[in-house]
Amino acid sequence: DEAFADCNGLTSVEIPNGVTNIGDAAFDGCGNWTSAVLPNSVTSLGCFAFRSCGSLRKIVISDCIARIGDAAFNGCSNLTSVVIPNGVTSIGDYAFQDCSSLASVIIGNGVTNIGDDAFNHCGNLMDVVIPYGVINIGSGAFAYCGNLTTITIPGTVECIGDEAFIKCKKLTIK
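On a predicted model such as this, the values are computed, not experimentally measured, just so you know. (Residues numbered from 1 in each chain as written. Predicted model: local features only at pLDDT ≥ 70, side-chain atom pairs only at ≥ 80, totals over all residues. Heavy atoms only, no water.)

Asks: Break down the overall build of the chain for me, citing the residues and quoting the values.
Replies: Along the backbone of the chain there are zero helices and 14 strands. Ordered by position from N to C terminus, the α and β elements of the chain give β-β-β-β-β-β-β-β-β-β-β-β-β-β. Radius of gyration (C-alpha) of the chain: 15 Å, near the 16 Å computed for a compact globule of 174 residues. In terms of its C-alpha atoms, the chain occupies a principal-axis envelope of roughly 45 × 25 × 20 Å. The contacts of the chain with a sequence gap of at least 6 include a subset with a gap of at least 24, amounting to 21%. Working note: accessible area of the chain is about 7600 Å², and carbon and sulfur atoms make up 49% of it. Treating the 8 positive side-chain charges of the chain as one cloud and the 16 negative ones as another, the clouds have centres 13 Å apart. (Helix = DSSP H or I, 4+ residues; strand = E, 2+ residues; numbered from the N terminus. Rg over C-alpha atoms; globule rule 2.2 N^0.38 Å. Contact = heavy atoms within 4.5 Å. Areas by Shrake-Rupley, 256 points an atom, 1.4 Å probe, with all protein chains shown as cover. Lys, Arg positive; Asp, Glu negative; His and termini not counted. Charge placed at Lys NZ, Arg CZ, Asp CG, Glu CD.)

Asks: So what's going on with the pairing of strand E8 (residues 104–107)? Which residues, and what values?
Replies: Alternating positions in E8 separate cleanly, Val105 and Ile107 being buried on one face and Ser104 and Ile106 remaining unburied on the opposite face. Strand direction decides the pairing type here: strand E6 (residues 81–84) and E8, joined by four bridges, are parallel. The residue bridging Val82 from the neighbouring strand is Val105, located in E8. (Buried < 20%, exposed > 50% of the residue type's maximum accessible area, 1.4 Å probe, protein only. Pairing = 2+ DSSP bridges.)

The following block contains the structure:
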């Protein structure tokens, strides 16, 4: 945990194949690096793992990760797009909150849970397709996504939390 937290001198990191766990807050606050690739050996992504990595623009998430930890990418204000692979089943609470430049999210078919405030305050996010199989959309999950215009919600969704889409003034739900 917190292995490289607040190491602002880091500009890039190559995580070698064989690493299985990115611990809690491992790279929290490493403000100067721009991309990260998580090899397929990584199966666990801890809470706050990349939180507040303000220069991070690109992340490649391993298909072997089952759960994206709470607030894992919270505050990565320059992250522009993310592909959540099919192996991921749960997106943690606050996982991508305050990723203000995030414009594109592709959610893999394995996801069943989108946590509370997962994409809260992602002001550039424009459209999202929730895949068939998602059961829960947490409270505030897409709240304050002011440019969100369309979201597709499948019939598998059983629960949409309080204020999941509050202040999404341009939103049309399909």
